[in-house]
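Residue strings, one per chain:
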Amino acid sequence: MRRGVLPIVGSRIESVDCPPCLRRPIQIRPRIDAIDRRLRGHTVSGIGRRGKRVMIEFDDGQVMVIEPRMTGLVLLADPPTTDHLRLRIVLSGGPCEQLLFWDRRGLGTIRLLHATEVISIVDAKLGVDALQITADQLRQKLGTSRRAIKVALLDQAAVAGIGNLYAAEILYLAGIDPRTRCDKLTGPQWSRIVRATGEVLELAISHEGSTLSDGTYRNALNDAGGYQNYHRVYDRAEKPCLRCGGTIRRIVQAQRSTFFCPNCQRKSGLHKSVVADGTLE
Ligand SMILES: [Zn+2]
C-alpha cells in the first residue's frame, strides 16, 4: 500500500471530504471538516508505514495515519464499488487527481496527527517492525509468554506488521507448530521465525499482497495482488502439504483461522525446514 501511493508525494491538497456513504461511518478523527481545514494548501512530503498503517506525511509535519484493518484500501484509481467510499483527498500538481480510502466492512480508522503526537499515539503502541526485528529482540519480547506463538505474532505491541495470513505462512516456513507456547521455543526456533518472517513478508510485498477468494484486497491501482499464488498453508485446509504431501489442517486460535501442516510443523521442532536460500528443503 505504501509503495502504491508513493506517486502522490509532492502533490498539493485541494480538499478532503467524505463522499456520500450510506454505511455506518468509520472512525475518523478529528472531524472531517477539521481535517479539511488543516490540510488544505499543504503538500504531501512523504509516505511512511508503521506496522500495518500507512502514514501520509505533510510539509508542516502533520501525518494522516490510515489503518486499513480487514477490508480497507488506499486507492489512486477508481474504487471497486462507489459504495463503501469513506474518504477522498482531492490533489493537484501531481499525476493523480485524488486519493481514496475505501472500506467494505468499515473497520478501518483514519487519524490526522500533529508531528508531536506520532510518538505517543502510534509508535508507543507498536513493537519493532517485523522487517527489522532481530531474533534476540523477538525472544526478549515474547520468550516468557505462555501464549501460543501464532497468537503472539499477531500482537502488534510485540512485533509490528504481521497479519493473520502471514503468521500462518511464517510458522510453516519456520517449521514450527502454531500452538507451541512461546516460552517453549528454543533460540534456533526464534531465529527461524525471524528469518521466515523476512522471507514471507518480502515476497508478499514484491507480489503486492494477497487477494483472497473474497476479492477484497486490491493495490492502489485497484488491481489484484499476486501473493495468494504463493500461499503454502493459508486457506489450504484439507489440501496436500506442498512439502510432505500430508494434509493441511485448519484450527481456530484466538478467534482467527490458523492453517498448518501437523507433519512439517511438529512441536518438537526437530527438523530444519528453512535452508540457506530460504526455500523449503
Ligand atoms: Zn507437510
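On a predicted model such as this, the values are computed, not experimentally measured, just so you know.

Rules and cut-offs
Residues numbered from 1 in each chain as written. Predicted model: local features only at pLDDT ≥ 70, side-chain atom pairs only at ≥ 80, totals over all residues. Buried ≥ 20, exposed ≤ 12 C-beta atoms within 10 Å, placed from the backbone. Helix = DSSP H or I, 4+ residues; strand = E, 2+ residues; numbered from the N terminus. Contact = placed C-beta atoms within 7 Å. Pairing = 2+ DSSP bridges. Axes fitted to C-alpha atoms, helices over the stretch in contact; angles between N-to-C directions. UniProt positions renumbered as here; feature names shortened; annotations may be inferred.

### Concerning helix H5 (residues 164-174)
Residue pairs spaced three or four apart in an α-helix point in one direction, given the helix's 3.6 residues per turn. Judged by how many residues are buried, H5 sits mostly within the fold: 10 of 11 residues are covered. Buried residues of H5: Leu165, Tyr166, Ala167, Ala168, Glu169, Ile170, Leu171, Tyr172, Leu173 and Ala174, and no others. The elements touched by buried residues of H5 are helix H4 (149-153), helix H6 (187-206) and strand E13 (256-260). In the segment just after H5, Gly175 is the residue with positive phi, at about 70°.

### Regarding the sheet that holds strand E3 (residues 44-50)
Spatially, E2-E9-E5-E4-E3 is the arrangement adopted by the 5 strands of the open sheet, whose pairing is mixed. Where the open sheet ends on each side, the last strands, each with one partner, are strand E2 (27-29) and E3. Taken pair by pair, the neighbouring strands of this sheet meet at an average axis angle of 15°, ignoring direction. For strand E4 (residues 53-58) and strand E5 (residues 63-67), the ladder comprises 4 bridges, and the chain directions are antiparallel. For Met55, the partnering residue across the bridge sits in E5 and is Val65.

### Details of the pairing of E3
Remark: a regular strand shows side chains that alternate across the two faces of the sheet. Inspection of the sheet shows E3 paired to E4 by 6 bridges, in the antiparallel sense. Looking across to E4, one finds that Gly46 is bridged to Glu57. Counting the residues between successive antiparallel strands, the hairpin from E3 to E4 contains 2 residues, one of them, Gly51, with a positive phi of roughly 55°.

### Here's the deal with the UniProt feature "domain: FPG-type" (unreviewed entry) in the protein
Mapped onto this numbering, the UniProt entry annotates "domain: FPG-type" (unreviewed entry) at residues 232-266. Helix and strand shares over residues 232-266 are 0% and 29% respectively, and the end C-alpha atoms of the span are 16 Å apart.

### Considering the sheet that holds strand E8 (residues 98-103)
Strand order across the open sheet formed by 4 strands is E1-E7-E8-E6, with antiparallel pairing between neighbours. The sheet terminates laterally at strand E1 (12-17) and strand E6 (72-75), the two strands that pair on one side only. Strand-to-strand twist of the sheet, defined as the mean angle between neighbouring strand axes without regard to direction, takes the value 15°. Direction of pairing for E6 relative to E8: antiparallel, over a ladder of 4 bridges. Within E8, the position partnered with Leu73 by the bridge is Trp102.

### Digging into the environment of Thr180
Along the chain, Thr180 turns up in the loop between H5 and H6. Using a count of 20 C-beta atoms within 10 Å as the deciding quantity, one classes Thr180 as buried. Expressed as a C-alpha distance, the spacing of Thr180 and Arg146, which sit 34 residues apart in the sequence, is 9.0 Å.

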